[in-house]
Amino acid sequence: MKHAIITAGSKGLGKKVTEELLKSGCSVTVNYRSDKARVEELIEEWSQYKDRLQFIQGDITKKADIENIVHQAMTRFGRVDYLINNAGPYVYEQKKLVDYLDDEWYDIINGNLNSVYHFAKLVIPIMRKQHFGRIITYGFQDAEHTPGWLYRSAYGAAKVGLVSLTRTIAIEEAAHGITANMICPGDIQGDMKESDILTARTTEAHDPANTPIGRSGTGEDIARLIKFLCEDDSDLITGSVISASGAINVVNRRRHTSPQHRSGGLSPNNLKH
């Protein structure tokens, strides 16, 4: 049985990814930061999966907490096949670089970039022994093109750095059966993060100029994409930055806009967990 670690897996996109992996037969270690009430709800909701599921509290900006998450996963399940770096700290307030507090800057860099480094250092040796592994990171629209992002210097810098780190892991670990890819979700907001495709198709009205496919994205879209990338036969796809935006990125590129000028199509993937 394959085992997954997913950070911030109790809410938003992470919740749908966890659910998809459980349905596919995986066991899952779900990291959460602080919302114990939410975890209690999920223990009840996912009671049929209790033998394949554990929740581990931890702050992924802290190395010691990351070490504990991986230790608990190995102690109970004995392997790590999938590492889904779903958590991504974010500062909602618009701030120029000079207005950031040091703690805000380091929190964003640690949570979005350094956390992946620490997790990878721990799980890659495990995956090498298994001759199999799938590492998934999250970015933002056009991150692979290194855009500037007005008022989002810390988040932008962390995610653009993560593009290079993800691709470097893909190169370095290819011979060990390990792939690494980045997903760039579109503007998935509010309840849609935990919604399904059918709901988006049947209950929402959309502006075709902003949602060319006629609906918003959902957590199910991202979960199904991650599930595909985790399959044994998806090893040809590695080092890739994959947009899942319903063609918003194509529309925005045609209009010659940049991240800082967009009102939609670029929300952070999971905000504060």
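Anything mentioned here points back to the structure above.
Throughout, residues of each chain are indexed from 1 in the direction in which the sequence is written. This being a predicted model, a pLDDT of at least 70 is required before a residue's local features are given, and a value of 80 or more before pairs of side-chain atoms are given or counted; all residues contribute to the totals for chains, interfaces and linings. Side-chain descriptors were evaluated using all non-hydrogen atoms of the structure, hydrogens and water having been removed beforehand.

K.L.:
Looking at this model, I keep getting lost on the environment of Y92. Mind explaining?
P.N.:
Strands here mean DSSP runs of E at least two residues long; helices mean DSSP runs of H or I at least four residues long; both are numbered from the N terminus. Mapped onto the elements, Y92 comes out in the loop between β4 (82-84) and α4 (102-130). It is 9.0 Å that separates the C-alpha atoms of Y92 and R152, two residues lying 60 residues apart in sequence.

K.L.:
How should I be thinking about the pairing of strand β5 (residues 133-138) in this particular structure?
P.N.:
Consecutive side chains along a regular strand alternate between the two faces of the sheet. Exposure classes here rest on a 1.4 Å probe applied to the protein chains alone. A residue is buried below 20% of its type maximum, exposed above 50%, and partly exposed in between. The element β5 is largely enclosed, with a buried count of six among its six residues. With burial as the criterion, each face of β5 is covered, one bearing G133, I135 and T137 and the other bearing R134, I136 and Y138. Handedness of the crossover joining β4 and β5 through α4 is recorded here as right-handed. Two strands form a pair only when DSSP identifies at least two bridges running between them. Of the pairings in the sheet, the one linking β5 to strand β6 (residues 178-185) comprises six bridges and is parallel in character. Residue pairing across strands places T137 opposite M182, the latter belonging to β6. What joins β5 to β6 is helix α5 (residues 153-173), and the crossover it makes is right-handed. Crossover handedness is defined here as right-handed if the route from the first strand over the helix to the second strand goes clockwise, with the strands pointing away from the viewer.

K.L.:
Could you clarify how one ought to interpret unusual backbone geometry in this entry?
P.N.:
Among all residues except glycine, the phi angle is most often negative; among peptide bonds, the trans geometry is most common. With phi around 50 degrees, A8 is a residue other than glycine that occupies positive phi space. Tracing the backbone through its elements, the reader meets A8 in the loop between β1 (3-6) and α1 (12-23). When its relative accessible area of 2% is taken as the criterion, A8 is described as buried. Even without a glycine there, the phi angle at Y151 is positive, about 70 degrees. Among the structural elements, Y151 can be located in the loop between β5 and α5. Residue classification places Y151 among the partly exposed residues on the basis of a relative accessible area of 28%.

K.L.:
Before we go on, may I ask you to explain the side chain of S245 in this structure?
P.N.:
Structurally, S245 is set in the loop between β7 (241-244) and α8 (248-254). A residue is classified by how much of its surface remains accessible, and S245, at 10% relative accessible area, is buried. Side-chain atoms alone can form a polar contact between residues adjacent in sequence; in general such a contact is a pair of N or O atoms within 3.5 Å, and within protein one must be able to donate a hydrogen while the other accepts it. Separated by 3.2 Å, the side chains of S245 and S243 make a polar contact.

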